[in-house]
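# Observations on the model geometry
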Amino acid sequence: MFLGFWLWVPLLSKLSIMVEPFLGTWKLESSENFEEYLEQLGVPGTIRHLAALEKPRICISAHGDKVSLRTETSFKNFEISFKLGEEFDETTADGRKVKSIIRLDGDSLVHVQKWLGKETTVKRQIVDGKMVAKHTMNNVVSKRVFRKE
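Residues numbered from 1 in each chain as written. Predicted model: local features only at pLDDT ≥ 70, side-chain atom pairs only at ≥ 80, totals over all residues. Heavy atoms only, no water.

The protein is annotated in an unreviewed UniProt entry as Fatty acid binding protein 9 of Myotis myotis. Under the heading Subcellular location (unreviewed entry), UniProt records this for the protein: "Cytoplasm". (UniProt positions renumbered as here; feature names shortened; annotations may be inferred.)

Here it is as structure tokens:
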């Protein structure tokens, strides 16, 4: 009986198991160096300052063979859906048109964006029940910590 059960486990379950620690709704708890990171991306000063003050919610879910990551803020909501390990086109919150790929690397969900010869990485990990996102561009690193709602 146990073996038969695993023969019909859908892809959703396998994908959900892989990303399970990240699934759910997360609220920003703390942020370090985010405005400096946004400056490296080329985000204008006024927008950088407002974005750094935001306390976004991030909702991560899995459906079929896709993962969705929805970010909700007081001034803009945006969502990406992707298959792990497959490149996709993304328009970022600040309007950049990028080629993105998101993959699991051990216990990390690694998001790489490339555009105009530039590259940035967001590495998400679950640490002590919280999601820690490290945003890196050039030599600037921002750390944002989210608690699960």
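Residues Tyr 37, Leu 38, Leu 41, Ile 60, Phe 82, Met 131 and Phe 146 are the most contacted members of the largest nonpolar core, which totals 29 residues. A per-element tally of this core places helix α3 (residues 34-41) first, with four residues. Apart from the residues lying within four places of it in its own chain, the contact partners of Leu 41 are Arg 96, Trp 115, Thr 120 and Met 137. (Core = buried A, V, L, I, M, F, W, Y, C linked by side-chain atoms within 4.5 Å. Buried < 20%, exposed > 50% of the residue type's maximum accessible area, 1.4 Å probe, protein only. Helix = DSSP H or I, 4+ residues; strand = E, 2+ residues; numbered from the N terminus. Contact = heavy atoms within 4.5 Å.)

Here we come to the side chain of Glu 54. Tracing the backbone through its elements, the reader meets Glu 54 in the loop between α4 (45-53) and β2 (57-63). Polar contacts involving the side chain of Glu 54 include one to the side chain of Ser 74, which spans 2.4 Å. Ignoring sequence-local partners within four residues, the contact set of Glu 54 consists of Leu 28, Thr 73, Ser 74, Phe 75 and Arg 144. (Polar contact = N/O pair within 3.5 Å; in protein donor to acceptor, adjacent residues only side chain to side chain.)

This part takes up the pairing of β2. One ladder, built from four bridges, connects strand β1 (residues 24-32) with β2; its direction is antiparallel. Among the inter-strand pairings, Gly 24 is bridged to a residue of β2, identified as Ile 60. Sheet analysis places β2 next to strand β3 (residues 66-72), joined by seven bridges and oriented antiparallel. Residue pairing for β3: Cys 59 is matched across the bridge by Arg 70. (Pairing = 2+ DSSP bridges.)

Another aspect to go through is the pattern of salt bridges. For the structure on display, the rule yields 10 salt bridges. With its nearest N and O atoms 3.1 Å apart, the salt bridge here joins Arg 70 to Glu 72. We classify Arg 70 as partly exposed; its relative accessible area is 29%. Taking the relative accessible area as the measure of exposure, Glu 72 reaches 22% and is therefore partly exposed. Linking Arg 96 and Asp 94 is a salt bridge whose minimum nitrogen-to-oxygen distance equals 2.9 Å. (Salt bridge = Lys/Arg side-chain N within 4 Å of Asp/Glu carboxyl O.)

In the Ramachandran plot, Leu 116 falls in the positive-phi region, its phi being about 45° despite a non-glycine side chain. Following the sequence through the fold, Leu 116 ends up in the loop between β7 (108-115) and β8 (118-127). The residue Asn 138 is not glycine, and still its phi comes out positive at about 55°. In this fold, Asn 138 is placed in the loop between β9 (130-137) and β10 (140-148).

We now examine the environment of Lys 118. Checked against the element boundaries, Lys 118 lands in strand β8. Between the C-alpha atom of Lys 118 and that of Met 137, which follows or precedes it by 19 residues, the distance is 8.7 Å. Excluding residues that lie within four positions of it along the chain, Lys 118 makes contacts with Gln 113 and Met 137.

All right, on to the environment of Asn 138 then. Judged by relative accessible area, which is 53%, Asn 138 ranks as exposed. Separated by 19 residues in the primary sequence, Asn 138 and Glu 119 have C-alpha atoms spaced 8.2 Å apart.

Secondary-structure assignment places Ser 142 in strand β10. Exposure remark for Ser 142: the relative accessible area of 0% places this residue in the buried category. Excluding its chain neighbours within four sequence positions, the residues that come into contact with Ser 142 are Glu 32, Asn 33, Phe 34, Tyr 37, Ala 133, Lys 134 and His 135.

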